[in-house]
Amino acid sequence: TNRIFVIEQEGIIRVFPNSSNALLAKEYLDITDRVSAGGEKGLLGLAFHPDYETNGYFYVNYTNATNTVISRFQVTSNPDSADNDSEFQILTFTQPYSNHNGGWIGFGPNDGYLYIATGDGGGSGDQQNYAQRINTLLGKILRIDVDGGTPYVIPSTNPFVDSTNAQVRKEIYAWGMRNPWRCSFDPVTGSLWAGDVGQG
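Scope of this entry: the structure provided in the associated data block. (Residues numbered from 1 in each chain as written. Predicted model: local features only at pLDDT ≥ 70, side-chain atom pairs only at ≥ 80, totals over all residues. Heavy atoms only, no water.)

Some details on the overall build of the chain
When its secondary structure is counted, the chain shows one helix and 13 strands. The order of helices and strands in the chain, counted from the N terminus, is β-β-β-β-α-β-β-β-β-β-β-β-β-β. For 200 residues, the compact-globule formula gives about 16 Å, and the C-alpha radius of gyration of the chain, at 17 Å, lands near that figure. Judged by the C-alpha coordinates and their principal axes, the chain covers about 50 × 35 × 35 Å. A total of 200 residues make up the chain; the buried ones form 42% of that total. Across the chain, every contact between residues at least 6 apart in sequence was considered, and the portion connecting residues at least 24 apart equals 49%. For the chain, the exposed area adds up to about 10,000 Å²; of that, 46% sits on carbon and sulfur atoms. Of the charged side chains in the chain, 13 are positive and 21 negative, and the gap between their average positions amounts to 4 Å. (Helix = DSSP H or I, 4+ residues; strand = E, 2+ residues; numbered from the N terminus. Rg over C-alpha atoms; globule rule 2.2 N^0.38 Å. Buried < 20%, exposed > 50% of the residue type's maximum accessible area, 1.4 Å probe, protein only. Contact = heavy atoms within 4.5 Å. Areas by Shrake-Rupley, 256 points an atom, 1.4 Å probe, with all protein chains shown as cover. Lys, Arg positive; Asp, Glu negative; His and termini not counted. Charge placed at Lys NZ, Arg CZ, Asp CG, Glu CD.)

Remarks on the pairing of strand E10 (residues 140-144)
Among the five residues that make up E10, five are buried, leaving the element largely enclosed by the rest of the structure. Here E10 shows a buried face lined by Lys140, Leu142 and Ile144 and a second buried face lined by Ile141 and Arg143. Here three bridges tie E10 to strand E11 (residues 172-175), and the two strands are oriented antiparallel to one another. In the strand pairing of E11, Lys140 is matched with Trp175. (Pairing = 2+ DSSP bridges.)

Topic: the sheet that holds strand E2 (residues 12-17)
Spatial ordering of the open sheet is given by E1-E2-E3, a layout of three strands whose pairing is antiparallel. Edge positions in the sheet fall to strand E1 (3-8) and strand E3 (26-30), since each of these pairs with one other strand and no more. Neighbouring strand axes in the sheet, compared pairwise and without regard to direction, differ in orientation by 25° on average. As judged from the six bridges shared by E1 and E2, these two strands associate in the antiparallel manner. Residue Glu8 lies in a different strand from E2, and its bridge partner there is Ile12. (Axes fitted to C-alpha atoms, helices over the stretch in contact; angles between N-to-C directions.)

A look at the sheet that holds strand E5 (residues 57-63)
Spatially, four strands are ordered E4-E5-E6-E7 in an open sheet, and the strand pairing comes out antiparallel. In this open sheet, the two edge strands, each paired with only one partner strand, are strand E4 (43-48) and strand E7 (88-94). Adjacent strand axes in the sheet meet at a mean angle of 15° when their direction is disregarded. Alignment of strand E6 (residues 67-74) against E7, held across six bridges, turns out to be antiparallel.

Describing the pattern of salt bridges
For side chains bearing opposite charge, pairing can occur when the charged atoms are close. Counted under the stated rule, the structure contains eight salt bridges. Here Arg14 ties to Glu8 by a salt bridge, and the two come within 2.7 Å at their closest N and O atoms. The exposure class of Arg14 is partly exposed, given its relative accessible area of 25%. Each of Arg3, Lys26 and Asp80 takes part in salt bridges that share partners, so that together they form one network. (Salt bridge = Lys/Arg side-chain N within 4 Å of Asp/Glu carboxyl O.)

Thoughts on the packing of aromatic side chains
All chains considered together, the criterion is met by 11 aromatic pairs. Look at Tyr59 and Phe107: their rings are 5.4 Å apart centre to centre, the planes differ by 70°, and that puts the pair in the edge-to-face class. Residue Tyr59 is located in strand E5, and its partner Phe107 is located in strand E8 (residues 105-107); the two are separated by 48 residues in the primary sequence. Residue Tyr59 shares its accessibility class with Phe107, and that shared class is buried. Judged by centre distance (5.1 Å) and plane angle (75°), the ring pair of Tyr115 and Phe185 falls under edge-to-face. With Tyr115 in strand E9 (residues 114-117) and Phe185 in strand E12 (residues 182-185), this residue pair connects regions lying 70 residues apart in the sequence. Take Tyr115 and Phe185: they sit in the same class, and that class is buried. Feature note: the residues Phe5, Tyr28, Phe48, Tyr52, Phe58 and Phe73 constitute an aromatic cluster, connected by ring pairs. (Phe/Tyr/Trp six-rings, centres within 6.5 Å; stacked < 30°, edge-to-face > 60°.)

What follows is the structure, given as structure tokens:
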């Protein structure tokens, strides 16, 4: 519908027409009551379901006082306003520090799965080695199928899907990340590119 959606770190999503004549941005979603913002924390990611036009679902990635939360919301009958009370939490995990939360989420253009970029939890030099450990969701890019079950199922092509070790997190798609803050899918090949950071 040629609109622009802007997420604000404190927990608000605004929407306005994609026009140089736009004078005002409407409030699409306000979840400031559950978001802990500041520094690298806050409302960090937004992804519309591939069938948004039909189901009205969209997904956000935000931090509260102790966790990263991946939640689904739904638009109301007003296309410029979502239901703040429609939250359905898909996935939560603890953040040990306030920085390196990652935050990007997006749907794969070829597989329809939800990809979630997570930071290594913060601190200096990943002292707990979270990014290299496959028993934690920190320092990863996760991939889940939100349409295959409630709240999700593991795609059959994820690298650890056949692991018999109960501690291995099968949501993992790629690991060894520090703070993948921005990702994009190549429009020709569908490959996922991630912008990460270094120690210094």
